[in-house]
Amino acid sequence: MVTMWLRAIIVGTLMMAAGTAAAKPQRLVALDTVQPGEWELRALEKDEGKRRICVRDPRQLLQTEHARHQCRFFTVKDEPAAASVTYDCAAGGGGRTDVRVETPRLVQIRSQGVANGAPFARVMEARRIGACR
């Protein structure tokens, strides 16, 4: 009985992973309205300053801690104004990101996971400030 239960869990997990994991997250409805350009990311919980990134694809906002890594994504939630993904970057770590799209130029980001062997947790506001330079 336990063996059948374990087999069902393993098969179900493999089917889910094969059907929804990808090198980049597939299209997310929540990010459809987010405008490309230069964005400023500001931490909301700690005074960590601000940083700017050129966003050519809004999906870049999903892995702000692992920007240079190739990661596999799994979509947890995809609604018109909110999305959640988990991702695995192999030896680079991984995490979970929740985004809430306020407007095409303002996004709230909550991300946590492991990067460079250490845990991280960030709550940020991302605001489009213009075209990429």
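A. Summary view of unusual backbone geometry. The phi dihedral of Ala-90 is positive, around 55°, even though this residue is not glycine. On the secondary structure map, Ala-90 appears in the loop between strand 4 (82-88) and strand 5 (93-103). For Ala-90, a relative accessible area of 62% puts it in the exposed group. The phi dihedral of Asn-116 is positive, around 55°, even though this residue is not glycine. Residue placement: Asn-116 occurs in the loop between strand 6 (106-115) and strand 7 (118-130).

B. Here's a closer look at the state of the cysteines. If you walk through the whole model with that rule in mind, you get two disulfides. Paired through a disulfide, Cys-54 and Cys-132 show a sulfur-sulfur distance of 2.0 Å. Here the disulfide of Cys-54 and Cys-132 is right-handed, its torsion about the S-S bond being about 100°. Highlighted residues: Cys-54 in strand 2 (residues 50-55) and Cys-132 in the segment after strand 7, separated in sequence by 78 residues. Here Cys-132 falls in the partly exposed class, since its relative accessible area comes to 30%. At a sulfur-sulfur separation of 1.9 Å, the disulfide partner of Cys-71 is Cys-89. For the disulfide bridge between Cys-71 and Cys-89, the dihedral angle about the S-S bond is near 95°, and by the sign convention the bridge is right-handed. Separated by 18 residues along the polypeptide, Cys-71 in the loop between strand 2 and strand 3 (72-78) and Cys-89 in the loop between strand 4 and strand 5 bring together distant segments of the chain. Under the relative-accessibility criterion, Cys-71 is labelled buried at 3%. Looking at Cys-89, the relative accessible area reads 4%, which means it is buried. Here the cysteine-cysteine linkages of the chain are recorded as 1-4, 2-3, numbering only bonded cysteines and doing so in sequence order.

Parameters and conventions
Residues numbered from 1 in each chain as written. Predicted model: local features only at pLDDT ≥ 70, side-chain atom pairs only at ≥ 80, totals over all residues. Heavy atoms only, no water. Helix = DSSP H or I, 4+ residues; strand = E, 2+ residues; numbered from the N terminus. Buried < 20%, exposed > 50% of the residue type's maximum accessible area, 1.4 Å probe, protein only. Disulfide = S-S within 2.5 Å.

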